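# Close look at the chain arrangement
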There are 2 protein chains.
Amino acid sequence: MAIGFQFIISLFSLFSVTIAFAPILPRFPSSAVSAELKHRSHCTQNGLYRTKFFTQILDHFNFNPQSTQTFQQRYLINDTFWGGAKKNAPIFVYTGNEGNIEWFTQNTGFMFENAPPFQALLVFIEHRYYGKSIPYGGNKAVAYANTSTLGYLSSTQALADYATLIIDLKKNLSAHDSPIVVFGGSYGGMLAAWFRMKYPHIAIGALASSAPILHFMDLVSPDIFISIITQDFKSESENCYKVLKGSWKLIEETAKKPGGMELLRKTFRICKSDDFGTDSLASWLRTAWIYTAMTDYPTPSNFLNPLPPYPVKKMCEAIDSSVTKNNTLGKLYAAANVYYNYTGTTTCFNLDDDSDPHDLGGWQWQACTEMIMPVGGSNKNSIFPEYEWLYEDREAYCDSFYNVTPRPYWITTEFGGHAIDRVLKRFASNIIFFNGLRDPWSGGGVLKTISKSVVAIVAERGAHHVDLRYSSKEDPKWLKDIRKQEVKIIASWISQYYRDLKTNS
Amino acid sequence: MAIGFQFIISLFSLFSVTIAFAPILPRFPSSAVSAELKHRSHCTQNGLYRTKFFTQILDHFNFNPQSTQTFQQRYLINDTFWGGAKKNAPIFVYTGNEGNIEWFTQNTGFMFENAPPFQALLVFIEHRYYGKSIPYGGNKAVAYANTSTLGYLSSTQALADYATLIIDLKKNLSAHDSPIVVFGGSYGGMLAAWFRMKYPHIAIGALASSAPILHFMDLVSPDIFISIITQDFKSESENCYKVLKGSWKLIEETAKKPGGMELLRKTFRICKSDDFGTDSLASWLRTAWIYTAMTDYPTPSNFLNPLPPYPVKKMCEAIDSSVTKNNTLGKLYAAANVYYNYTGTTTCFNLDDDSDPHDLGGWQWQACTEMIMPVGGSNKNSIFPEYEWLYEDREAYCDSFYNVTPRPYWITTEFGGHAIDRVLKRFASNIIFFNGLRDPWSGGGVLKTISKSVVAIVAERGAHHVDLRYSSKEDPKWLKDIRKQEVKIIASWISQYYRDLKTNS
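Worth saying up front: this structure is predicted, and the values here are computed from it rather than measured.

### Focus on the packing of aromatic side chains
By the definition in use, this model includes 58 aromatic pairs over all chains. Aromatic side chains A:Tyr187 and A:Trp363 sit 5.0 Å apart centroid to centroid with 65° between the ring planes, which places their arrangement in the edge-to-face category. Taken as a pair, A:Tyr187 in helix 7 (residues 187-198) and A:Trp363 in helix 14 (residues 363-367) lie far apart in primary sequence, 176 residues in all. A centroid spacing of 5.8 Å and a plane angle of 80° characterise the contact between A:Trp410 and B:Phe61, whose relative ring orientation is edge-to-face. You can see A:Trp410 sitting in helix 16 (residues 410-415) and its partner B:Phe61 sitting in the loop between strand 1 (50-57) and strand 2 (70-78), one on each of two chains. Three or more aromatic residues link up through ring pairs in this structure, and these residues are A:Tyr94, A:Trp103, A:Phe104, A:Phe112, A:Phe124, A:Phe303 and A:Tyr470. Directly above the ring of A:Tyr297 sits A:Arg469, whose terminal nitrogen or CZ lies 4.6 Å from the centroid.

### Observations regarding the packing of helix 12 (residues 311-320) of chain B against helix 13 (residues 328-340) of chain B
Residues and elements named next belong to chain B. Where helix 12 contacts helix 13, the axes come no closer than 8 Å and their chain directions differ by 160°. As judged from the angle between their axes, helix 12 and helix 13 are roughly antiparallel. The hand of the helix 12/helix 13 crossing is right-handed. Of helix 13, the residues touching helix 12 (which contributes Pro-311, Lys-314, Met-315, Ala-318, Ile-319 and Asp-320) are Lys-331, Ala-334, Ala-335, Val-338 and Tyr-339. Looking at side-chain class alone, the contact of helix 12 with helix 13 contains eight nonpolar, no polar and three charged residues.

### Observations regarding the state of the cysteines
Residue and element names in this part refer to chain A. With the rule as written, the count across this model stands at six disulfides over all chains. Across a sulfur-sulfur distance of 2.0 Å, Cys-271 and Cys-348 are joined as a disulfide pair. With the S-S bond torsion at 95°, the cross-link from Cys-271 to Cys-348 turns out right-handed. Remark: Cys-348 occurs in the loop between helix 13 (328-340) and helix 14 and Cys-271 occurs in the loop between helix 10 (260-267) and helix 11 (278-294); sequence separation between them is 77 residues. Under the relative-accessibility criterion, Cys-348 is labelled partly exposed at 32%. One disulfide in the model links Cys-368 with Cys-398; its S-S distance is 2.0 Å.

### With respect to the sheet that holds strand 6 (residues 205-209) of chain B
Residues and elements named next belong to chain B. If you walk across this open sheet you meet the eight strands as 1-2-4-3-5-6-9-10, and the pairing is mixed. On the outer flanks of this sheet lie strand 1 and strand 10 (454-459), each paired with one strand and no other. The average undirected angle you get between the axes of adjacent strands in this sheet is 20°. Bridge analysis of strand 6 against strand 9 (residues 431-436) gives four bridges, and the strand direction is parallel. Note that in strand 9 the partner of Ala-206 across the bridge is Ile-431.

### Observations concerning the pattern of salt bridges
Considering all chains together, one arrives at 30 salt bridges over all chains under this definition. In this structure, A:Glu262 and A:Arg265 form a salt bridge, with 3.3 Å as the shortest nitrogen-oxygen distance. With a gap of three residues between them, A:Glu262 and A:Arg265 both fall in helix 10, about one helical turn apart. Ionic pairing is found between B:Glu102 and B:Arg74, a salt bridge with its closest N-O pair at 3.6 Å. Taken together, the residues B:Glu102 in helix 2 (residues 101-106) and B:Arg74 in strand 2 connect sequence positions 28 residues apart. Taking relative accessible area as the criterion, B:Glu102 reaches 18% and is therefore assigned buried.

### Quick word on the sheet that holds strand 3 (residues 91-95) of chain A
Residues and elements named next belong to chain A. Ordered in space as 1-2-4-3-5-6-9-10, the eight strands form an open sheet in which the pairing is mixed. The open sheet has two edge strands, strand 1 (50-57) and strand 10 (454-459), and neither has a second partner. Between one strand axis and the next, the sheet turns through 20° on average, direction left out of account. Relative to strand 10, strand 9 (residues 431-436) is paired through six bridges, and the arrangement is parallel. From the neighbouring strand, Ile-432 faces strand 10, where its bridge partner is Val-455. Here helix 3 (residues 109-118) sits on the sheet in contact with strand 2 (70-78), strand 3, strand 4 (121-125), strand 5 (180-185) and strand 6 (205-209), set at roughly 150° to strand 4.

### As for the side chain of B:Arg74
Residue and element names in this part refer to chain B. Given a relative accessible area of 4%, Arg-74 falls into the buried group. Polar side-chain contacts of Arg-74 include one of 2.9 Å to the side chain of Asn-100. Not counting residues up to four positions away in its chain, the partners in contact with Arg-74 are Thr-51, Lys-52, Phe-53, Asn-100, Ile-101, Glu-102, Phe-124, Ile-125, Glu-126, Gly-131, Lys-132 and Ser-133.

### Topic: the relation of the copies chain B and chain A
The two copies are related by a screw operation: chain B maps onto chain A through 180° of rotation and 0.0 Å of translation along the axis, at an RMSD of 0.0 Å. Viewed as a symmetry operation, the transformation between the two copies matches a two-fold axis. Looking at chain B, 100% of its interface residues are interface residues in chain A too, so the copies touch through the same face.

Reading guide: rules and limits
- Residues numbered from 1 in each chain as written.
- Chains lettered and ligands numbered in written order.
- Predicted model: local features only at pLDDT ≥ 70, side-chain atom pairs only at ≥ 80, totals over all residues.
- Heavy atoms only, no water.
- Phe/Tyr/Trp six-rings, centres within 6.5 Å; stacked < 30°, edge-to-face > 60°.
- Helix = DSSP H or I, 4+ residues; strand = E, 2+ residues; numbered from the N terminus.
- Lys NZ or Arg CZ within 6 Å of the ring centre and 35° of its normal.
- Axes fitted to C-alpha atoms, helices over the stretch in contact; angles between N-to-C directions.
- Parallel < 35°, antiparallel > 145°, perpendicular 65-115°, else oblique.
- Left-handed = near helix turned anticlockwise from the far one by under 90°.
- Contact = heavy atoms within 4.5 Å.
- Nonpolar A, V, L, I, M, F, W, Y, C, P; charged D, E, K, R; others polar.
- Disulfide = S-S within 2.5 Å.
- Buried < 20%, exposed > 50% of the residue type's maximum accessible area, 1.4 Å probe, protein only.
- Pairing = 2+ DSSP bridges.
- Salt bridge = Lys/Arg side-chain N within 4 Å of Asp/Glu carboxyl O.
- Polar contact = N/O pair within 3.5 Å; in protein donor to acceptor, adjacent residues only side chain to side chain.
- Least-squares fit on C-alpha atoms with pLDDT ≥ 70 in both.

Interpretation note: all reported values are geometric properties and have no functional meaning in isolation.
See below:
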């Protein structure tokens, strides 16, 4: 779920996955950009897209003139392969997530690779309050200043933004009859699915990749996220699982011994300037295990950090290696090194790096208001210490941080979730829910096909929205097949739309 | 569309259908209440329902604590015939319109009459800002004070109210698996249809009666409303049409003659205290023709005013009558008398009666923000003077009255409307759109069946949501048949739901 999906603070537990914690983020620009596209594109900025801004309404649901301020919403556009308005050529729209849209765009090669065969216009819309799409004149300090200015940051407002922008764009392009297909991964995938559900008059279909639309209260076990991560590591080796499971106690015991903290500093190459504690070391390791499980891609990647193919396997290989023998701390370091230092260029680590290069900070507000996604519960079989997820902890945190009370049942009120198969069977069409079962977020995904055109695609070996990534020659067959299947389904939506259009006119 | 649907002021035209004009409203309590129900009901207040209040969130789409004030939303409930939660017996919900919910409840006999066969719980929810459902502590003066307090009066907020209240009510009743069917007429019918579209996880189906969801800009001719009224009168007699068409000039000419105003006062029995002008007389007559066309029911009724069966016919009979011979003004008075004085108890009329017994005043705000329904254009064949409906007039009026600028394209952005058949064919089910073609609002209705379960029922002789009214022995066969058809369809939704429920569990 990218790092926007973070956890509830538990200040007194070693296991303190947090809302506020910003994990270590990728430091290198994405290299996975198709060279061909780069050069064929007539875009100026970076070969992938032109950057535009749209004057967006701040509050779609209130007509008080004081609430109808506007802001500049960024979107990225690539018309290199577009067949044009006269042909009613399709428009592919990415419904932006909780961060800088450029980052998601660069990691959504699927759309770029499918623009030529579909002759599609590509549009990537940034989510309000993220990246450069900041209300209050683009002044982030003001926009994030208090609950009054943050109040307009919500999923319903974001969906209405997308509706408003798309309609205006089609009007400007005179592309009234061009079909819109929406795409999104993670929270962006939730928005894509919800957009098709709420705005079927605008989008003819949605590819919702790794979209945990069921990851809400009373719908999912708060343990499932960590259970899946545990299973990921356990599936590589039983020893890997045991070492990770025992590590927290080992770190605490080591720290208590004379010279223990120095041993930890040396083993984990923690910078001398970092006045660390066992909590921050545990958090640093936890981050590595969680995000590596999420991005356990079959080919080299650079989404959160640069990683080798199947990095979970690599971590477990490091743990199981005979090189480190009985040096368990050394094994943990070697595993962490896969996530933090695959390029091998880092000489020491600052555990509390709270930089936020993808501008994901706004998620904390969303997690304190409507996005009450129970995540981080850890049962006794988990690789993490036991931990009970409690709504009350979230409520207390949000009250103390923002003086705001979450609405834990709002999302299911607005978008549903209960008995989703029964509901969508009778009132939906043209949605693909992709999930990779290695991805801890798959626990809140739609994993069963609901109807002929509301289809679940499940990849046993897949990770977080792996289908949306650029293809590579090294992709395994299952991934190639899944992308082919998705393309075929999207093509069928578009054909159906053109048939309907012809019949009507 | 009840009197909430009013028109744009045109101060300089004789033909000044207005937004602000509150027509004469019924002065007598509804007599069309089934005696049987009255007595079998164990409800206290009036034999039809108990009155309850729900603590509702003021702003569903903003999490700023200052916006999350609550207000008391009224709803009426009748559980006399409910089969109960254990049986998963259905719940019929009326999605309240722009006025006092008691009035709509009393005029929705269809739900009361179908509660016993369906063993249904009946719930009638009042729309925010109307009746007793007033934010700001129920203080209407505050709630209507300015654009800031009125800002929360919108259709999207109202729909979210219904979703929130229904979920809470089901929880309280432990009726998790009871199917919800929503009903509504006029604006309430628009809300019922939109509720099924936006909240299919809450309502399994919607009966949207006389719901002009297509009566928006770029979708409908602004002349259509008046054209239908013209046709209603013309269909009774060509002479009736001609007399009405010529009346405006006649009134103006009469007024200019010496003693003309006194003649008009005498003819139309205008009270001595009423310092009237030709504008107010014209407005008074126009109101009578419009609302009589809307409520041209086949049996005696008392929705807007007490009326005989087929009152348009009665009006034309009065105009065509040989009793008034060549006294054209007398003919007009006799026709108006059908609407204003069918009971014969009124001795003189105050033309500018602006009482608002059904509390419909909030519509003006809605008509100045999102409900830009082009109504009132009058072409050269109309019974009214020629008049061009212009969006700019609305804009100017709303700017001067509220200092607010309408968003004329918001409703179609949020709910769709363009190519509705194509959209709903692929993404909708279980909606009945009823329209009576005598009803001027049918011009913006869905008149063609879209799919197997998105069905248009059209009654050539029908008026404004006639199907929802209490049945009577005098009902014509077509009306009985239509109600039977509606019941059959609703029964099929419920059966399908129970089958789905069984399959799933």
